[in-house]
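A look at the structure
Residue-level listing of the chains:
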2 protein chains.
Amino acid sequence: MNSLEEVDDFVKNGHRHYLPHLSIDPVIFGYHDQQLKILLLKWKGLNGWGLPGGFIQRREPLSQAAHRILQERTGLESIFLQQFHIFGDSPYRLQERSTSEFRANYGLEVNDDNWLFERTLSVGYFALVDYSKVSVRTDFFTEDYQWWDVKQVPPLLFDQSEVVEKALATLRLQIYHQPIGYNLLPEKFTLPEIHTLYETILGKELDQRNFSKKLVALGLIKKLAEQRAIGPHRSPYLYQFEKEAYEDALKQGIVHTY
Amino acid sequence: MNSLEEVDDFVKNGHRHYLPHLSIDPVIFGYHDQQLKILLLKWKGLNGWGLPGGFIQRREPLSQAAHRILQERTGLESIFLQQFHIFGDSPYRLQERSTSEFRANYGLEVNDDNWLFERTLSVGYFALVDYSKVSVRTDFFTEDYQWWDVKQVPPLLFDQSEVVEKALATLRLQIYHQPIGYNLLPEKFTLPEIHTLYETILGKELDQRNFSKKLVALGLIKKLAEQRAIGPHRSPYLYQFEKEAYEDALKQGIVHTY
DNA sequence: GCAAAAGTGTTAAAGTTACACCCATGA
DNA sequence: TCATGGGTGTAACTTTAACACTTTTGC
């Protein structure tokens, strides 16, 4: 959605294609430089950072809508995506929004009863992606994008800070029940990498020896013959997930602690 | 909503008061006769069993809507209620519904574009209630209600069987993180009662000695001086929850297994 | 006294935690 | 050779799992 005509059509006629009152807000997690990051967009006019949200087509299954929105933004076809909450309590979600601000910001005419400005609840999804494979597209409404360390997320638009917090809390809760390592790391990774990833997500230290001992003992990862050169230090071995064992273990939630 | 005028107004003008495209489906759990039960309504016209759902008012916070709907149905003011999923994938949720069937069943005129017959997604909530305190109200659309053993729930309307299954799965997952015993049992209960409750929810046997040992050792429940007479058998002692210890433990998810 | 349900302790096994030194690498 | 990060094993402790007999009650 880039040309003015497309945008105008979306604003004026979007309600024929999309459900009103309901949007999808995806929290996209990636991992890079030993930091857990989320992808935010800078919204034009609103002049603030927010989630790369979108709307549900009238005849489109909900989960398909979530995948489509993610695909349109990141180019990723098949990603781990999970619904975690629906937000409908925040004061921002109870009010209708001002159309005059919109006119001033974008120079587009809108009626006061335009569908985009009615009360909107939002379904929160979180996505786990391989940071290196994402290529972000911006559009008419978004002038910039940036990966933010979850520890340093700026205040977000509307109630979206709450959405991000809840996504993080859910990620922590589900870390032993979802294929989190599997989706956030590249295919081959080192022990220090996965160790730091888990420490970062949980926000606490995990004993290095116990952590790797357990992952290997459970057969969730296997050591490869290759090593990675990391400069003037000992070269760490590369590991790979044992996909079947990993997914079996997650089903049973076998992996309790490290 | 009992008189024909009220119903007619709801059908024709409901969209001014309620959000279209979105409903709330509560799965109400109770415990009685050593069975985990859910409350179902028999819908008139549709001639089948379904959840006691309702709609969200246009300016009403989502969680407040869920409480209101429950309160209207069960008379309960303060109940444990938790959102667990939003359903928007089922074929039933993608189609608009037939207005002609409605005309035939209820003898009320509706336009084809009536708000009640548009695609509707649904927010699933589960409630844990003290079975003995519920007094159900039926209305124009519902001719009967019944508590059903979760093991013998009949096929439900639309995709609601899926909603109930997901509620049960969530209940099992959260059994060590939510005050489940606290909300499903009366204030005073016996060890065999809480033991059977947990076995029923989890669908598996729990060692009797280990179970009670752990609850008591953690200080979650305390033995009272009273006993309950249960006929020609040894009288079991009554127990009570230690509310603070119980809620602290749940926060940390301390209670792993029994 | 008999049938039915409640109550009670110990032991082996498994899992978790704590902890420190040597190794490999490139500059 | 030095600075930096990687790799490895053992022992104490905690938690869990398995298991059977005696007591109480009302008829």
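Residues numbered from 1 in each chain as written. Chains lettered and ligands numbered in written order. Predicted model: local features only at pLDDT ≥ 70, side-chain atom pairs only at ≥ 80, totals over all residues. Heavy atoms only, no water.

Below, the discussion takes up the nonpolar core. Inside soluble globular proteins, nonpolar side chains tend to come together where they are buried. The biggest cluster of nonpolar side chains holds 80 residues, and the ones touching the most others in it are Ile24 and Phe141 of chain A together with Ile24 and Phe141 of chain B. Excluding residues that lie within four positions of it along the chain, Phe141 of chain A makes contacts with Met1, Val7, Phe10, Val11, Lys42, Trp43, Lys44, Phe102 and Tyr106 of chain A. (Core = buried A, V, L, I, M, F, W, Y, C linked by side-chain atoms within 4.5 Å. Buried < 20%, exposed > 50% of the residue type's maximum accessible area, 1.4 Å probe, protein only. Contact = heavy atoms within 4.5 Å.)

Residues and elements named next belong to chain A. Phi angles above zero are rare outside glycine, and Asp33 is one such case at about 55 degrees. Here Asp33 shows up in the loop between β1 (18-32) and β2 (35-43). We classify Asp33 as exposed; its relative accessible area is 57%. (Helix = DSSP H or I, 4+ residues; strand = E, 2+ residues; numbered from the N terminus.)

All names here are of chain B. In terms of burial, strand β10 (residues 237-241) is largely enclosed, as 4 of its 5 residues are buried. As paired strands, strand β8 (residues 189-190) and β10 are joined by 2 bridges and run antiparallel to one another. Its bridge partner lying in β10, Phe189 is registered against Tyr239. Where strand β9 (residues 221-227) meets β10, 4 bridges bridge the pair, whose relative direction is antiparallel. Considered in β10, the bridge of Lys222 is made with Gln240. (Pairing = 2+ DSSP bridges.)

The subject of this paragraph is the sheet that holds β10 of chain B. Spatially, the 3 strands line up as an open sheet ordered β8-β10-β9 (chain B), and their pairing is antiparallel. Looking along the sheet, the strands with just one partner apiece sit at the ends: β8 and β9 of chain B.

A few words now on the domain arrangement of chain A. All names here are of chain A. According to the domain assignment, chain A consists of domain 1 (4-173) and domain 2 (180-252). On a C-alpha basis, the centroid separation for the pair domain 1 and domain 2 is 32 Å. On the side of domain 2, 11 residues touch domain 1, which itself brings 11 residues to the contact. Summed over both partners, the interface of domain 1 with domain 2 comes to about 1100 Å²; 65% of that surface belongs to carbon and sulfur atoms. It is Tyr31, Leu128 and Arg172 in domain 1 that bury the most area against domain 2; as a group they hold 47% of the surface buried on that side. (Domains from an automatic or database assignment. Buried area = accessible area lost by both parts, 1.4 Å probe.)

A few words on the UniProt feature "domain: Nudix hydrolase" (unreviewed entry) in chain A. Sites flagged by UniProt as "domain: Nudix hydrolase" (unreviewed entry) map to residues 19-172 of chain A. Between the end C-alpha atoms of residues 19-172 of chain A there is a gap of 32 Å, over a span that is 25% helix and 35% strand. (UniProt positions renumbered as here; feature names shortened; annotations may be inferred.)

What follows covers the packing of helix α7 (residues 191-202) of chain A against helix α8 (residues 208-217) of chain A. All names here are of chain A. The contact between α7 and α8 brings their axes to 10 Å, and the two run at 105 degrees. If you check the angle between α7 and α8, you find them roughly perpendicular. Counted together, Leu191, Ile194, His195 and Tyr198 of α7 and Gln208, Phe211, Ser212 and Leu215 of α8 form the full contact between these two elements. In terms of residue class, the contact of α7 with α8 is built from 5 nonpolar, 3 polar and no charged. (Axes fitted to C-alpha atoms, helices over the stretch in contact; angles between N-to-C directions. Parallel < 35°, antiparallel > 145°, perpendicular 65-115°, else oblique. Nonpolar A, V, L, I, M, F, W, Y, C, P; charged D, E, K, R; others polar.)

With 23 residues of chain B in contact, the opposing surface of chain A contributes 23 residues. Carbon and sulfur atoms supply 56% of the area that chain B and chain A bury against each other, a total of about 2100 Å² over both sides. Summed over the shared surface of chain B and chain A, the result is 1 salt bridge. Residue Arg59 of chain A pairs with Glu96 of chain B through a salt bridge whose shortest N-O separation is 3.3 Å. For the interface between chain B and chain A, the tally reads 17 residue pairs in polar contact (both at pLDDT 80 or more). (Salt bridge = Lys/Arg side-chain N within 4 Å of Asp/Glu carboxyl O. Polar contact = N/O pair within 3.5 Å; in protein donor to acceptor, adjacent residues only side chain to side chain.)

This next bit is on the protein's contact with DNA strand D. Near DNA strand D there are 23 residues, and of these His233 and Tyr237 of chain A together with Lys214, Pro232 and Arg234 of chain B occur at the shortest range. What you see for DNA strand D is that sugar and phosphate hold 48% of its atoms within 4 Å of the protein. In the environment of DNA strand D, a base nitrogen lies 3.0 Å from a nitrogen or oxygen atom belonging to the side chain of Gln208 of chain A. Going through the elements one at a time, α7 and α8 of chain A together with α8 (208-217) of chain B are the ones with two or more residues in the surface near DNA strand D. Residue classes in the surface near DNA strand D are distributed as 6 nonpolar, 8 polar and 9 charged. (Near = heavy atom within 4 Å.)

Looking at DNA strand C, there are 23 residues lining it, with Lys214, Gly231 and Pro232 of chain A together with Pro192 and Tyr237 of chain B nearest. Near the protein, meaning within 4 Å, the atoms of DNA strand C are sugar or phosphate in a fraction of 48%, with bases accounting for the rest. One of the side-chain N or O atoms of His233 of chain B is found 3.3 Å from a base nitrogen in DNA strand C. Of all the elements in the fold, those that place two or more residues in the surface near DNA strand C are α8 of chain A together with α7 (191-202) and α8 of chain B. Top element by residues in the surface near DNA strand C is α8 of chain A. It accounts for 4 residues. Tallied by class, the residues present in the surface near DNA strand C amount to 6 nonpolar, 8 polar and 9 charged.

Glancing now at α7 of chain A. Residue and element names in this part refer to chain A. The end-to-end C-alpha distance of α7, which contains 12 residues, comes to 17 Å, matching closely the 16 Å that a straight helix rising 1.5 Å per residue would cover. Of all the positions in α7, only Ile194, His195, Thr196, Leu197, Tyr198, Thr200, Ile201 and Leu202 are classed as buried. Phi turns positive, to about 70 degrees, at Gly203, one or two residues after α7. (Expected span 1.5 Å × (residues − 1).)

Between chain B and chain A, the superposition needs a rotation of 180 degrees and an axial shift of 0.0 Å, giving an RMSD of 0.1 Å. Expressed as an axis order, the relation between the two copies is that of a two-fold axis. A shared binding surface is used by both copies, with 100% of the interface residues of chain B retained as interface residues in chain A. (Least-squares fit on C-alpha atoms with pLDDT ≥ 70 in both.)

Its 13 residues give helix α2 (residues 62-74) of chain B an end-to-end C-alpha distance of 19 Å, which sits within 8% of 18 Å, the value for a rise of 1.5 Å per residue. Taken together, the buried positions of α2 of chain B are Leu62, Ala65, Ala66, Arg68, Ile69, Leu70, Arg73 and Thr74 of chain B.

We now examine the pattern of salt bridges. Residue and element names in this part refer to chain A. One pass over the structure, following the stated rule, counts 25 salt bridges over all chains. A salt bridge links Arg103 to Asp112; its shortest N-O distance comes to 3.5 Å. Classification of Asp112 as exposed rests on a relative accessible area of 62%. For Asp130, the salt bridge identified is with Lys133, shortest N-O distance 3.9 Å. On the accessibility criterion, Lys133 (57% relative accessible area) is exposed. Within this structure, Asp25, Arg93 and Asp159 form a network of salt bridges that share partners.

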